[in-house]
Amino acid sequence: MMMNAFGKNRTQRKLSVLVGVDFAATATKVVQLKQLKGELTLTGIDMLPAVDFNTTASRMELPRNLSSYYGCLAYSGAESVVRMVHTPLPAGEETVPESELRKLLNVTDDFRVSAQLIKRGKGRQDSSLLAAAIPQDDVRYLLNLFPAGPPAPASLEVAGLAFVSAFLNARGAECANDAVCLIDAGESVSHYVFMNKGAVVLVGKMDFGVRALRSKLATDLGVDDELAASILDDRSINISTSLANVMAPIIKQLSISKDFIERHQGCRVSRVYVSGGMSLLPSWSDELMNMIHTEVESWSPLENIAIAPEILSPELKQQATRFAAAIGAAIGGFQES
């Protein structure tokens, strides 16, 4: 599900080792994946300090066991855009000119844009494309983190799309004939993707995450952020009222999207799959299931990936869901190389 903000992949040869790097709000998640005869193996994984985009970019040194010649980058920028767009597409064309794509995404010339054809329209029907836009300033900043390699940046995509490749590798087979919703929720930004029979039909971005839940709970209970975070992790404390209040507009957006998909696709969304840091909160997943009236299921991006000996600590295994975008970026890189 690669939406490459660099355009065509810079590498032409088939790659066997790639690093996936996800620049998130609370940490930088890094994985090293090896592919041999189509089989994926995790050969390195770590959670590094977050990168502050408000500071001057300086060369990022990855540990030797997490490096490779090429890296696939993902990030959740506040100004990034992801959207399904619908437009006429001439026969033989796979996308539209960048100027037209910017108009469809309602962004200016200082955005890098990319699109992937999802469904070609028949006759006079519009074609459907999965499109993304990233501010040029963010692209330059990330490139300046790796000015000379290794790893040399081979691709850059929005984390809210990158994680889809990891999901398809982990659970694609079990929902190949179903309509499902994927939600990847982090500290301050969440993305949702509706899929029907393995194809993306709707995507969206929400300015919502663990920070909003923590802040609401701290206000309602009169406690500090640290204690609020501990309460969020405690299944024995009933915080459903606070969660329901702060989640109401998010649930409304998801419910409207779900109803739209079911009407226009003639299907039923059978499950919601959650990933990202917020999916580790038991109270959130339970409340989501109660409010959206659909089965909610967690998944690990390490499913269907072999793990090299002594690579994965118990702590990182528990946090594996937070690596969905990093793993998905690397998987997308293998598919494009």
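Peer 1: In this structure, what is going on with the layout of surface pockets? I would like to understand it.
Peer 2: Once rolled over the atoms, a probe with the size of a water molecule shows which space is left empty. Its volume calculated, the largest pocket comes out at about 810 Å³. Breaking the lining of the largest pocket down by element, the ones donating at least two residues are strand S1 (17-23), strand S9 (179-185), strand S10 (190-196), helix H4 (210-221) and helix H9 (324-336). Residue composition of the lining of the largest pocket, by class: 17 nonpolar, 12 polar and 10 charged.

Peer 1: So what exactly am I meant to see when it comes to the sheet that holds strand S5 (residues 81-87) here?
Peer 2: Pairing between the strands of a sheet comes from backbone hydrogen bonds, and it takes one of two forms, parallel or antiparallel. Here we have 3 strands laid out as an open sheet, ordered S5-S7-S6, and antiparallel in their pairing. Every interior strand has two partners, whereas the edge strands, S5 and strand S6 (111-119), have only one. Geometrically, the sheet is characterised by an average inter-axis angle of 25 degrees between neighbouring strands, direction not taken into account. With respect to the sheet, helix H2 (residues 136-145) is in contact with S6 and strand S7 (127-135), its orientation differing from that of S7 by roughly 65 degrees.

Peer 1: Looking at this model, I keep getting lost on empty space enclosed by the protein. Mind explaining?
Peer 2: The full count for this structure, using the stated rule, is 2 cavities of 30 Å³ or more. Approximately 50 Å³ is the volume attributed to the largest cavity. The wall of the largest cavity is formed by Ile 183, Ala 185, Ser 190, Met 206, Phe 208, Met 247, Ile 250, Ile 251, Leu 254, Met 278, Trp 284 and Leu 288. Only S9, helix H6 (240-265) and helix H7 (282-292) provide two or more residues apiece to the lining of the largest cavity. The biggest single contributor to the lining of the largest cavity is H6, with 4 residues.

Peer 1: What am I meant to see in the packing of H6 against H7 here?
Peer 2: The description of two packed helices rests on the angle between their axes and on the distance between the axes. One way to put it is that H6 packs onto H7 with a least axis distance of 10 Å and a crossing angle of 55 degrees. Of the possible angle classes, the one that applies to H6 and H7 is oblique. The hand of the H6/H7 crossing is right-handed. Residues Ser 240, Leu 243, Ala 244, Met 247, Ala 248, Ile 251, Leu 254 and Ser 255 of H6 touch H7, and the partners they reach there are Ser 283, Trp 284, Glu 287, Leu 288, Met 291 and Ile 292. A breakdown of the residues in the contact of H6 with H7 according to their chemical character gives 10 nonpolar, 3 polar and 1 charged.

Peer 1: Teacher, can you tell me more about helix H3 (residues 159-171) here?
Peer 2: Turn by turn, an α-helix covers 3.6 residues, leaving residues three or four places apart pointing in a common direction. Between its terminal C-alpha atoms H3 stretches 18 Å, which fits the 18 Å expected from 13 residues at 1.5 Å a residue. The element H3 is largely enclosed, with a buried count of 11 among its 13 residues.

Peer 1: Where do I start with the side chain of Ser 279 in this structure?
Peer 2: Turning to its location among the elements, Ser 279 is positioned in the loop between strand S12 (269-275) and H7. Here Ser 279 is in contact with Val 274, Trp 284, Ser 285, Ser 298 and Thr 321, once residues within four sequence places are set aside.

Peer 1: Could you clarify how one ought to interpret the packing of H4 against helix H5 (residues 225-232) in this entry?
Peer 2: The geometry of H4 relative to H5 is characterised by a closest axis approach of 9 Å and an angle of 105 degrees between their N-to-C directions. Classified by the interaxial angle, the pair formed by H4 and H5 is roughly perpendicular. Between H4 and H5, the residues in contact are Leu 213, Arg 214, Leu 217, Ala 218 and Leu 221 and Asp 225, Ala 228, Ala 229, Ile 231 and Leu 232, respectively. Looking at the contact of H4 with H5 residue by residue, the classes come out as 8 nonpolar, no polar and 2 charged.

Peer 1: What's the story with the packing of aromatic side chains in this structure? I'm lost.
Peer 2: Each aromatic ring pair is specified by the distance between its two centres and by the angle formed by the two planes. Here the structure, examined in full by the defined rule, presents 5 aromatic pairs. Their ring planes at 25 degrees and their centres at 5.9 Å tell us that Phe 53 and Tyr 75 sit as a pair that is stacked. On the criterion of sequence distance, the pair formed by Phe 53 in the loop between strand S3 (39-48) and strand S4 (70-75) and Tyr 75 in strand S4 is long-range, its members being 22 residues apart. Look at Phe 53 and you get partly exposed, because its relative accessible area is 27%. Between Tyr 192 and Phe 194, the aromatic rings sit 5.9 Å apart at their centres with planes inclined by 75 degrees, giving edge-to-face as the arrangement. Summarising the burial analysis for this pair, Tyr 192 and Phe 194 share the class buried.

Peer 1: Help me out: how do you make sense of the state of the cysteines in this one?
Peer 2: Defined simply, a disulfide is a covalent bond joining two cysteines at their sulfur atoms. For the structure on display, the rule yields 0 disulfides. Lacking any disulfide linkage, Cys 175 is separated from the closest cysteine sulfur, that of Cys 181, by 11 Å. Judged by its relative accessible area of 5%, Cys 175 falls in the buried class.

Peer 1: Teacher, can you tell me more about the pattern of salt bridges here?
Peer 2: Note on pairing: side chains with opposite charge can pair once their charged atoms come close. According to the stated counting rule, one finds 13 salt bridges in the structure shown. The shortest N-O distance in the salt bridge between Glu 303 and Arg 171 comes to 2.6 Å. Here Glu 303 is found in the loop between strand S13 (295-298) and strand S14 (306-307), whereas its partner Arg 171 is found in helix H3, with 132 residues between them in sequence. Among the residues examined, Arg 171 registers a relative accessible area of 12% and is labelled buried. Between Arg 214 and Glu 187 there is a salt bridge, with its nearest N and O atoms 2.6 Å apart. Of the two residues, Arg 214 sits in helix H4 while Glu 187 sits in the loop between S9 and S10, which places them 27 residues apart along the sequence. Here the two residues Arg 214 and Glu 187 agree in accessibility, since each one is buried. One connected set of salt bridges, linked through shared partners, spans Arg 171, Glu 174, Glu 297 and Glu 303.

Rules used throughout
Residues numbered from 1 in each chain as written. Predicted model: local features only at pLDDT ≥ 70, side-chain atom pairs only at ≥ 80, totals over all residues. Heavy atoms only, no water. 1 Å grid on protein atoms, 1.4 Å probe; cavity = no way out; pocket = protein on both sides within 12 Å on 5 of 7 lines; lining within 4 Å. Points joined across faces, edges and corners; volume = space filled by probe spheres on them. Helix = DSSP H or I, 4+ residues; strand = E, 2+ residues; numbered from the N terminus. Nonpolar A, V, L, I, M, F, W, Y, C, P; charged D, E, K, R; others polar. Pairing = 2+ DSSP bridges. Axes fitted to C-alpha atoms, helices over the stretch in contact; angles between N-to-C directions. Contact = heavy atoms within 4.5 Å. Parallel < 35°, antiparallel > 145°, perpendicular 65-115°, else oblique. Left-handed = near helix turned anticlockwise from the far one by under 90°. Expected span 1.5 Å × (residues − 1). Buried < 20%, exposed > 50% of the residue type's maximum accessible area, 1.4 Å probe, protein only. Phe/Tyr/Trp six-rings, centres within 6.5 Å; stacked < 30°, edge-to-face > 60°. Disulfide = S-S within 2.5 Å. Salt bridge = Lys/Arg side-chain N within 4 Å of Asp/Glu carboxyl O.

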